[in-house]
Each structure stands twice: as C-alpha cells, then as structure tokens.
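Here is what each chain is made of, one letter per residue.
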Amino acid sequence: EFDDYQVNINFGGTSDGNYSFSGIATRDPSGVPNASNGIGYADFLLGDVSSWNVAISPETGSRLKSYQLFVQDDYKVTPQLTLNLGLRYQVQPGWKEAKNRIGDFDPNLMNPATNTLGALWFAPRYGRSSVEATQYDLVSPRIGFAWNPSEKWVVRGGFGIYNELFGYNAYAGSAGLGYTAQNSDSSTDQLTPVFTLAQGPPPPIYPTDATRTPDLLNNQGISYIPYHTPLPYMYEWQLDVQHELPGGIVADI
C-alpha cells in the first residue's frame, strides 16, 4: 500500500497590508508624547498612516508519502477456536514541500549571531528537507479470535496497534518559513505619519537565499516541531460474548 498526500495552500495571496490611524496627525503636538487627543478617523480622512505592516506568504505545496505493507491470515487452531493474525509494516517519512520552500527551528543548530544553540534551518541545507525524520520499522500487530466453547456460546475478541499519519495541520505548519515577503513601518515621533494613502506604502521585501540564514527571525517567538517526533499510535481492543436464548433470540455483550 502506498499513500500519497499533498496539500497546496496559499495563505497570503496578494495584500496591501494592515494600516493604522491612531490620531498622531491631528493631535496637539505640544503634549507629545503623552497627549492622546488626536482622532484616528480624522487621520484616516487625511490619509495619514501612523503604522503599517504587510506579510505575503507564498503558495506552498506540502507533500507526504507513506509506505505500508499489511498481511493477514486466519488460523484454525481447533474446530472451536479460530485465530485472525495480521501485521502492518510502515515507513513514515516527514512532511516536505514540493520546491523545498520549508524551514523550521532546530534547538541543536548553532546560531551565528549569538554563538548559542537554537537557530533556523532551511531545506535542503543541513542535510534536511523534511520537518520530521523518516521513521522505519513501524510494526503494528493485529490479533483476533473466535471461540465456540459450546453450541449456544460464542466469544470473540481482538487487539491491534494503529499508527496515525502525521496530519498536515499539526505537523506541517512550517512550509513557507523564510519565504514570506514582508515589510513594516511605524511613526517614531508619534507626530509624523509614515506615509499618506495618496503616496501608497513601500513595497514588500522579498527574501533571498542570502537572507535565509540560521539567525533569521532572531528575538522573535517561534513554535516548532521536533525533528525526531514519534508517530502517534493507539491501542484498540474489543471483546464480545454472544449466547443463543430460546426462540432464536441472541443476547450480545
């Protein structure tokens, strides 16, 4: 069995950014920086922007390929007892991106700006092109039985271990990291607008290979997925007892 998953997403699209009109252009300059008697709506009518930011994420194509083999057979131990035996073997790679537009935080990678551990990696550098390391030898057994101790009694049961695939939402969130075009500006004196709507905002800054260095996004909070993340799994079992009552009625527990 071969499972191929792909997720094509465009979170950012095209955007002119987020604009803030805080009243700095219509406030009393004699009270700066403590006065707050400006009117944001008046700034908006004038087109005076106090702060602005934009972030345009690229289209990304996340990919995950899972390889699995399953065998099962029934073994009749006695005329009254049958065993159902199965085994699933699975190789689980991590999430990748179609054009290697992917990165993540690595707590064991040296940060060149601080000379401490903890920095970003970007595929295919540092020998990585997936968020999670490939996991081999994932063995999931299945066992079931059907036992007929007497003519009117049947007992059935089963147990299995089931691995869950790395879901996209929880395990592939770093596609596009380091490729987002962004820019921002904010008034430093709380009097002068950064630009007017008539002028328009400055263009976004598009990252390049030169800017995708391990110290990118230093001093910012980040969440990440550990490279050696165990594959989630669960145990499942069931037990069923049936007894035939008079009149052909079956009681089932």
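Residues numbered from 1 in each chain as written. Predicted model: local features only at pLDDT ≥ 70, side-chain atom pairs only at ≥ 80, totals over all residues. Heavy atoms only, no water.

Helices and strands together make up the secondary structure of the protein, namely two helices and 15 strands. Radius of gyration (C-alpha) of the protein: 30 Å, far over the 18 Å computed for a compact globule of 253 residues. The principal-axis extents of the C-alpha atoms in the protein amount to approximately 100 × 50 × 30 Å. Here the protein holds 253 residues, and 32% of them are scored as buried. Sequence separation of at least 24 residues holds for 72% of the intrachain contacts in the protein that already meet a minimum separation of 6. With an accessible surface of roughly 15300 Å², the protein has 56% of that area assigned to carbon and sulfur atoms. For the protein, the distance from the average site of its 14 positive side-chain charges to the average site of its 25 negative ones is 8 Å. (Helix = DSSP H or I, 4+ residues; strand = E, 2+ residues; numbered from the N terminus. Rg over C-alpha atoms; globule rule 2.2 N^0.38 Å. Buried < 20%, exposed > 50% of the residue type's maximum accessible area, 1.4 Å probe, protein only. Contact = heavy atoms within 4.5 Å. Areas by Shrake-Rupley, 256 points an atom, 1.4 Å probe, with all protein chains shown as cover. Lys, Arg positive; Asp, Glu negative; His and termini not counted. Charge placed at Lys NZ, Arg CZ, Asp CG, Glu CD.)

This next bit is on the packing of aromatic side chains. This model, assessed by the stated rule, comprises nine aromatic pairs. For the pair tryptophan 52 and phenylalanine 195, a centre-to-centre distance of 5.9 Å together with 80° between the ring planes defines the contact as edge-to-face. On the criterion of sequence distance, the pair formed by tryptophan 52 in strand S4 (residues 51-56) and phenylalanine 195 in strand S13 (residues 195-196) is long-range, its members being 143 residues apart. With respect to burial, tryptophan 52 and phenylalanine 195 carry one shared label: buried. Put simply, the rings of Tyr19, Trp52 and Phe195 touch in pairs and so form one group of aromatic residues. Taking NZ or CZ as reference, arginine 142 lies 4.0 Å from the ring centre of tyrosine 162, over its face. Cation over ring: arginine 212 sits above tyrosine 179, and NZ or CZ is 3.8 Å from the ring centre. (Phe/Tyr/Trp six-rings, centres within 6.5 Å; stacked < 30°, edge-to-face > 60°. Lys NZ or Arg CZ within 6 Å of the ring centre and 35° of its normal.)

Where strands meet in a sheet, backbone hydrogen bonds hold them as pairs that are either parallel or antiparallel. On the basis of which strands lie adjacent, the open sheet formed by three strands has the order S2-S4-S12 and antiparallel pairing. For this open sheet the edge positions go to strand S2 (18-20) and strand S12 (181-186), each flanked by a neighbour on one side alone. Geometrically, the sheet is characterised by an average inter-axis angle of 5° between neighbouring strands, direction not taken into account. Bridge count for S4 against S12 is six bridges, and the pairing is antiparallel. Residue pairing in the sheet places serine 51 in a bridge with serine 186 of S12. (Pairing = 2+ DSSP bridges. Axes fitted to C-alpha atoms, helices over the stretch in contact; angles between N-to-C directions.)

Glancing now at a nonpolar patch on the surface. A surface patch of nonpolar side chains, amounting to about 1000 Å² of accessible area, comprises Tyr75, Val77, Leu85, Ile143, Phe159, Tyr233, Tyr235, Trp237 and Leu239. At the level of secondary structure, the elements contributing two or more residues to the nonpolar patch comprise strand S5 (60-78) and strand S14 (233-245). (Patch = residues over 30% accessible without salt bridge, like charges linked within 9 Å, V, L, I, M, F, W, Y side chains within 5 Å. Salt bridge = Lys/Arg side-chain N within 4 Å of Asp/Glu carboxyl O.)

With respect to burial, strand S9 (residues 116-122) is a largely interior element, five of its seven residues being buried. Bridge count for strand S8 (residues 103-111) against S9 is six bridges, and the pairing is antiparallel. Looking at S9, one finds that phenylalanine 105 is bridged to leucine 120. Between S8 and S9, which pair antiparallel and follow one another directly, the connecting turn spans four residues, one of which, asparagine 115, has a positive phi of 55°.

On inspection of all chains with the given rule, the structure shows four salt bridges. The closest approach of N and O atoms between arginine 101 and glutamate 97, which form a salt bridge, is 2.8 Å. One salt bridge connects arginine 125 with aspartate 209, and the closest N-O pair in it is separated by 4.0 Å. In this pair, arginine 125 sits in the loop between S9 and strand S10 (135-150) while aspartate 209 sits in the loop between S13 and S14, placing the two residues 84 residues apart along the sequence.

Considered as a void within the structure, the largest pocket measures approximately 280 Å³ in volume. Lining the largest pocket are 15 residues; nearest its centre among them are Gly178, Thr180, Gln182, Leu216 and Leu217. Here the lining of the largest pocket is built from residues that sort into eight nonpolar, seven polar and no charged. Here the second largest pocket defines a volume of roughly 240 Å³. Of the residues contributing to the lining of the second largest pocket, the split by class is seven nonpolar, eight polar and one charged. (1 Å grid on protein atoms, 1.4 Å probe; cavity = no way out; pocket = protein on both sides within 12 Å on 5 of 7 lines; lining within 4 Å. Points joined across faces, edges and corners; volume = space filled by probe spheres on them. Nonpolar A, V, L, I, M, F, W, Y, C, P; charged D, E, K, R; others polar.)

Let us now look at the side chain of arginine 88. Residue position: arginine 88 is located in strand S6 (residues 81-92). Looking at arginine 88, its side chain comes within polar contact range of the side chain of glutamine 68, at 2.6 Å. (Polar contact = N/O pair within 3.5 Å; in protein donor to acceptor, adjacent residues only side chain to side chain.)

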